[in-house]
Amino acid sequence: MTAAEIRDAILDILHDIAPDEDLSNLKDEVPFREQLELDSMDFLDIVMELRKRYRIQIPEEEYTELSSMSSTVRYLEPRMKGI
Amino acid sequence: MYDTIIIGAGMSGLAAGVRLAHFGQKVCILERHSAIGGLNSFYRQGGRTFDVGLHAITNYAPKGTRSGPLAKLLRQLRLAWEEWALAPQLGSSIVFPGIKLRFSNDFELLTSEVRRHFPDQVDNLRRLAAALHDYDQFGQSGANRSAREVVGNIITDPLLVEMLFCPVLFYGGAQEHDIDFDQFSILFRSIFLEGLARPLAGIQKILKMLVRRFKEHGGELRLRAAVDQIVVKDEAVQKILLEDGSELEARNILSSAGWAETLRMCSAATAEEVASPGRLSFVESISILDHAPRSFGYEETIVFYNDSEKFRYEKPDDLVDLRSGTVCSPNNFAYGEPLEEGVIRISALANYDRWAALAPEEYRLAKLRWYDRLAASAARFVPDFRGVVVETDMFTPMTIHRFTGKANGAVYGSAEKRRDGTSHLKNLYICGNDQGLVGIVGAILSGISIANRHLLK
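Predicted, not measured: the structure shown is a model, and the values here were computed from it.

Novice: Please provide a residue-by-residue account of the overall build of chain A, values included.
Specialist: Within chain A one finds 4 helices and 0 strands. Secondary structure elements of chain A occur, N-terminal to C-terminal, as α-α-α-α. For 83 residues, the compact-globule estimate of 2.2 N^0.38 gives 12 Å, and the C-alpha radius of gyration of chain A, at 12 Å, lies within 12% of that figure. Sequence separation of 24 or more characterises 54% of the internal contacts of chain A that already satisfy a separation of 6 or more. Total accessible area computed for chain A in this model is approximately 4400 Å², and 48% of it derives from carbon and sulfur atoms. Between the averaged position of the 10 positive side-chain charges in chain A and that of its 20 negative side-chain charges there is a distance of 6 Å.

Next comes the structure, spelled out in structure tokens:
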């Protein structure tokens, strides 16, 4: 998957988790925690959705890599190359 | 072989089921009854749908709220706010002799009422709100402190203390008189700081939504599937025996039946594992009216009443405690359209043993007699509705026991909670009101958090 495709995949997951959120103005550099008030339960859900949809395993100590859209895409790009 | 078998299709079991099935587990929910819902259910009678349990949903938050229990629950179950379409309360009150404290979903109303009736306690009320423990998904700080002690040190007028404890204990007190301060914090927040609401269609809307979600993800719901025995071998559940003789196996078992109730199902529970069930139960009368309550001047959502300065939250000696109670009108929420009929529901503490000792004919008569007494008792505190009643029903601690399996009809479960959701067996977990969270939002969060913590790793 390309960076743009990964970004869309993450948006899709965020939309499922928080269907009431308008994600069209999401700022890629600002942490999800600040913009969407995601908490640890929500981050765990992003991890589990990635596992469910793309079979990607993310070790617990690397959850912090998913803090914003840009860091998430950066982290996932090499890991989702072949998908 | 299932990944998880869940005992009980109440709010907590269904919510856990949705989470597990969503993430690909093979899940089966076993429900003893032909109806789902457990403590929060509904039934049809004479062409009408009656709610059981639900007066109001606590933890109200308006659309767009991103934090707090309701927002958390909606995200975890992948629900949009509109799917619950909660209508906020119109306004409620706590009524003691000669004094009435109104409250709404805006904490400022309660604050101004306290300023009026207890001028020297306003700052203390704010201090109490600030001292509440932060909401935690497991409802625990591990502190185990008496709320009577903590609150009594902050609010120095004993009458105000009694008045604040009245709704808190009625909506979640599993033990007599007192409650753990963590639990107090959760309940106080959920009632006074977040507030009360109800979906127009009542509890069935929420239950049906959970079942639909569960089945969409491939979950299996079996009604009339009563567990006869949890067969234990080598400190783990080996299999589940159903009353119809069939056997089921699963990697993990999650029981929402209650801690003592679950232990009783286990084939090998040792003496030290015997838990004491709760002992506090309720009756509830339901009156269908041929007028909307507001037509005779009753516009409040919930009235918590107590007829003396001291609130006694205890198992009464008589069948019903007429000294205190809760009056709820499901009509008095801010819906877009009115309910079809007027409804008044009154709950009061009741004695399970006294009801259980009645012969069938005495039981039937007692229901009628105590309906009248309860209505007369409540009419001291709310406009008298008895002239416009067209149909009545009444449920008792026996009814609760029959439909939920809760020992002693104890709706809030045991006084001792299993907060981390673990049990004495390595693959058996506990959710629901004996895990520690009560109410509809609490029950759902209990199922979600125990599923997340122990079963989704």
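Novice: If you had to explain the sheet that holds strand 2 (residues 27–30) of chain B to someone new, which residues and values would you point to?
Specialist: All names here are of chain B. With respect to topology, 5 strands assemble into an open sheet ordered 9-2-1-13-19, the strand pairing being parallel. Unpaired on one side and paired on the other, strand 9 (220–222) and strand 19 (428–430) mark the two borders of the sheet. Mean inter-strand twist for the sheet, computed between neighbouring axes without regard to direction, equals 20°. Sheet analysis places strand 13 (residues 250–255) next to strand 19, joined by 3 bridges and oriented parallel. Within strand 19, the residue paired with Leu-254 across the bridge is Tyr-429. Contacting strand 1 (2–7), strand 2 and strand 13, helix 1 (residues 11–22) runs over the sheet at an angle of about 170° to strand 2. Across the face of the sheet, helix 9 (residues 203–216) comes into contact with strand 2 and strand 9 while running at roughly 125° to strand 9.

Novice: Could you give an account of the interface of chain A and chain B, naming the residues involved and the relevant values?
Specialist: Many analyses report the size of an interface as the accessible area lost when the parts associate. Each partner contributes residues to the interface: chain A has 18 residues there, and chain B has 18 residues. Both faces combined, the contact of chain A with chain B buries some 1700 Å², and carbon together with sulfur accounts for 45% of it. Of all residues in chain A, the largest losses of buried area upon contact with chain B belong to Asp-20, Met-41 and Met-48 of chain A, amounting jointly to 33% of the total for that side. Of the charged contacts, one joins Arg-75 of chain B and Asp-42 of chain A as a salt bridge, the two residues approaching to 2.9 Å between their closest N and O atoms. Summed over the shared surface of chain A and chain B, the result is 12 residue pairs in polar contact (both at pLDDT 80 or more). Elements that contribute at least two residues to the side of chain A that touches chain B include exactly helix 1 (3–17), helix 2 (32–36) and helix 3 (40–54) of chain A.

Novice: Please provide a residue-by-residue account of the pairing of strand 15 (residues 302–306) of chain B, values included.
Specialist: All names here are of chain B. Taking burial as the measure, the 5 residues of strand 15 include 5 buried ones, the bulk of the element. Of the strand pairs in this sheet, strand 6 (residues 92–96) and strand 15 are connected by 3 bridges, and their pairing is parallel. Looking at strand 15, one finds that Val-95 is bridged to Tyr-305. Strand direction decides the pairing type here: strand 15 and strand 16 (residues 324–328), joined by 5 bridges, are antiparallel. Paired with Phe-304 across the bridge in strand 16 is Thr-326.

Novice: Describe the environment of Ala-18 of chain A, with residues and values.
Specialist: Residues and elements named next belong to chain A. Within the secondary structure layout, Ala-18 lies in the loop between helix 1 and helix 2. Given a relative accessible area of 7%, Ala-18 falls into the buried group. Remark: the alpha-carbon pair of Ala-18 and Leu-38, spanning 20 residues in sequence, is separated by 9.3 Å.

Novice: So what about the nonpolar core? Which residues, and what values?
Specialist: Residues and elements named next belong to chain B. Counting 61 residues, the largest nonpolar core has Leu-110, Phe-170, Phe-184, Phe-188, Phe-192 and Tyr-313 as the members making the most contacts within it. A per-element tally of this core places helix 7 (residues 158–170) first, with 10 residues. Not counting residues within four places of it along the chain, the set of residues in contact with Phe-188 comprises Phe-107, Leu-125, Leu-128, Leu-132, Leu-164, Val-168 and Leu-193. If you look at the next biggest cluster of nonpolar residues, it comprises 52 residues, including Met-11, Leu-14, Ala-21 and Ile-440.

Novice: An account of the sheet that holds strand 12 (residues 247–248) of chain B is needed here, citing residue identities and associated values.
Specialist: Sheet architecture is open: 3 strands sit in the order 10-11-12 (chain B), paired in antiparallel fashion. In the strand order of this sheet, the two ends are held by strand 10 (227–233) and strand 12 of chain B, each with one partner.

Novice: A description of the packing of helix 2 (residues 69–76) of chain B against helix 14 (residues 439–455) of chain B should follow, citing residues and the corresponding values.
Specialist: Residues and elements named next belong to chain B. At a minimum axis distance of 10 Å, the contact between helix 2 and helix 14 shows a crossing angle of 50°. As the angle between them shows, helix 2 and helix 14 are arranged oblique. Along this stretch, helix 2 crosses helix 14, giving a crossing that reads as left-handed. Touching Pro-69, Lys-72, Leu-73 and Gln-76 of helix 2 are Val-441, Ile-444, Leu-445, Ile-448 and Asn-452, all from helix 14.

Novice: A description of the packing of aromatic side chains should follow, citing residues and the corresponding values.
Specialist: Residue and element names in this part refer to chain B. What the rule picks out here adds up to 17 aromatic pairs over all chains. Ring geometry for Phe-103 and Phe-192: centres 4.9 Å apart, planes at 70°, overall edge-to-face. Of this pair, Phe-103 sits in strand 7 (residues 99–103) while Phe-192 sits in helix 8 (residues 181–194), and the two are 89 residues apart along the sequence. Both residues of the pair, Phe-103 and Phe-192, count as buried. Summarising the aromatic geometry, the rings of Phe-170 and Tyr-313 are spaced 6.0 Å apart at their centres and angled 85° between planes, so their arrangement reads as edge-to-face.

The rules behind the values
- Residues numbered from 1 in each chain as written.
- Chains lettered and ligands numbered in written order.
- Predicted model: local features only at pLDDT ≥ 70, side-chain atom pairs only at ≥ 80, totals over all residues.
- Heavy atoms only, no water.
- Helix = DSSP H or I, 4+ residues; strand = E, 2+ residues; numbered from the N terminus.
- Rg over C-alpha atoms; globule rule 2.2 N^0.38 Å.
- Contact = heavy atoms within 4.5 Å.
- Areas by Shrake-Rupley, 256 points an atom, 1.4 Å probe, with all protein chains shown as cover.
- Lys, Arg positive; Asp, Glu negative; His and termini not counted.
- Charge placed at Lys NZ, Arg CZ, Asp CG, Glu CD.
- Pairing = 2+ DSSP bridges.
- Axes fitted to C-alpha atoms, helices over the stretch in contact; angles between N-to-C directions.
- Buried area = accessible area lost by both parts, 1.4 Å probe.
- Salt bridge = Lys/Arg side-chain N within 4 Å of Asp/Glu carboxyl O.
- Polar contact = N/O pair within 3.5 Å; in protein donor to acceptor, adjacent residues only side chain to side chain.
- Buried < 20%, exposed > 50% of the residue type's maximum accessible area, 1.4 Å probe, protein only.
- Core = buried A, V, L, I, M, F, W, Y, C linked by side-chain atoms within 4.5 Å.
- Parallel < 35°, antiparallel > 145°, perpendicular 65-115°, else oblique.
- Left-handed = near helix turned anticlockwise from the far one by under 90°.
- Phe/Tyr/Trp six-rings, centres within 6.5 Å; stacked < 30°, edge-to-face > 60°.

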